[in-house]
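Each chain, written out:
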Amino acid sequence: MNASRDAALSTFPGAVPIPEFLDGVARELAPRGFTEDRTFAVVSTCRDELTVPLMRAVTDRLDLAFYLGALGGVPSLGRTGWNAALSHVPVDGGRGHLVVLGMTHIGFGPDGTPGQSLRRHQDLPTPTCGALMSILHSEGVAEALPDALDDNEKDRLRHLMKKVSPERSGTPVGITRRAAQAVTAEMWAELDALEAWRTMDVAAYCGVQVHVHDHPDLIAVTDAQFVGADGVRTELRAAG
Ligand SMILES: [Zn+2]
């Protein structure tokens, strides 16, 4: 019995372990011409070390991957970074094949409490995602910083979440779902603005990386879309 896993799965019933998620992505995209050696992966996760297993699993399968992420998992590389990433995509039969993974994250503590993780060699759980839980606890409160410091990633994360829905998040799971929406919105804002579809097929899977105590991470896909040469976005069957 694992209270953390039980809580994670009752919150995200479709969540699956990372290998299973990536198998599903590969299975879904193979008929669309995405091959393992020519597919280029770009990955957006939070800076938290707990997110590393996703990037590690992606690079194990697809070799190198371009990293997009900032606190909360929102892509934060700006126009210059996006242009660089898109210019690195291999060409296969005249077009590129780009897989975009955008995941915010949440931990479930040993007792199943959402929004925290007991990290190795620590006695007490800490917030996960730390940035999201910090925003949750400061909703409606003005925060002052000493002159020499900035909090640009948290400010931007808060701004992007307000853009997708103006109301307060209320709970750790609520703010995590809202962050996943913000990741999706920001990902497609850039991909659409740069008209990536003109030169490459793009499949984007966004959602939540779920850290479970004493158990491998799970992935809950909340949005999966594809755009090909016609420039029309269609829903993919969520691989998770
Ligand atoms: Zn985080």
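For the structure itself, consult the block above.
Because the structure is a prediction, the values reported are computed rather than measured.

> Any chance you could explain the packing of helix α2 (residues 18-29) against helix α3 (residues 52-62) here in plain terms?
For any two helices packed against each other, the geometry is given by the interaxial angle and the distance between the axes. Two elements in contact, α2 and α3, have axes whose closest approach is 10 Å; the angle formed by their N-to-C orientations is 45°. Taken together, the axes of α2 and α3 are oblique relative to one another. In the packing of α2 onto α3, the handedness of the crossing is right-handed. Taken together, the residues of α3 that come into contact with α2 (itself represented by Ile-18, Pro-19 and Leu-22) are Pro-53, Leu-54, Ala-57 and Arg-61. For the contact of α2 with α3, the residue count by class is six nonpolar, no polar and one charged.

> How do you make sense of helix α5 (residues 130-137) when you look at a structure like this?
Within an α-helix, residues lying three or four positions from one another point in the same direction, as the helix has 3.6 residues per turn. Those residues of α5 that fall on the buried side of the exposure criterion are Ala-131, Leu-132, Met-133, Ile-135 and Leu-136. Taken together, the buried residues of α5 touch β7 (126-127), α6 (152-164) and α7 (172-193).

> Just checking my understanding: could you explain the packing of α5 against α6 for this structure?
Axis separation between α5 and α6 bottoms out at 10 Å; the angle between their running directions is 65°. One element, α5, and the other, α6, form an angle in the roughly perpendicular class. Crossing of α5 against α6: the hand is right-handed. On α6, the residues touching Ala-131, Ser-134 and Ile-135 of α5 are Lys-154, Leu-157 and Arg-158.

> How should helix α4 (residues 78-87) be read in this particular structure?
Three or more residues of α4 are buried, namely Trp-82, Ala-85 and Leu-86. Taken end-on, α4 shows its buried residues confined to a sector of 95°, consistent with a single buried face. More than 90 degrees from the buried face of α4, the exposed residues found are Thr-80, Asn-83, Ala-84 and Ser-87. Each element contacted by the buried residues of α4 is listed here: β2 (39-44), β3 (65-67) and α7.

> For this particular structure, what's the right way to read the environment of Arg-32?
Relative to the elements of secondary structure, Arg-32 occurs in the loop between α2 and β2. For Arg-32, a count of 12 C-beta atoms within 10 Å translates into the label exposed.

> Explain the pairing of strand β8 (residues 200-212) here, please?
Side-chain direction in a regular strand flips from residue to residue, so the side chains alternate between the two faces of the sheet. Of all 13 residues making up β8, 13 are buried, and the element is well covered by its neighbours. The sheet contact formed by strand β5 (residues 95-108) and β8 spans 13 bridges and is parallel. Note on β8: the bridge partner recorded for Leu-98 is Val-202. Relative to strand β9 (residues 215-227), β8 runs antiparallel, the two sharing 10 bridges. Counted as the bridge partner of Val-208 is Ala-220 from β9. Joining the antiparallel neighbours β8 and β9 is a turn of two residues, in which Asp-214 adopts a positive phi near 55°.

Rules of the game
- Residues numbered from 1 in each chain as written.
- Predicted model: local features only at pLDDT ≥ 70, side-chain atom pairs only at ≥ 80, totals over all residues.
- Axes fitted to C-alpha atoms, helices over the stretch in contact; angles between N-to-C directions.
- Helix = DSSP H or I, 4+ residues; strand = E, 2+ residues; numbered from the N terminus.
- Parallel < 35°, antiparallel > 145°, perpendicular 65-115°, else oblique.
- Left-handed = near helix turned anticlockwise from the far one by under 90°.
- Contact = placed C-beta atoms within 7 Å.
- Nonpolar A, V, L, I, M, F, W, Y, C, P; charged D, E, K, R; others polar.
- Buried ≥ 20, exposed ≤ 12 C-beta atoms within 10 Å, placed from the backbone.
- Arc of directions from axis to C-beta.
- Pairing = 2+ DSSP bridges.

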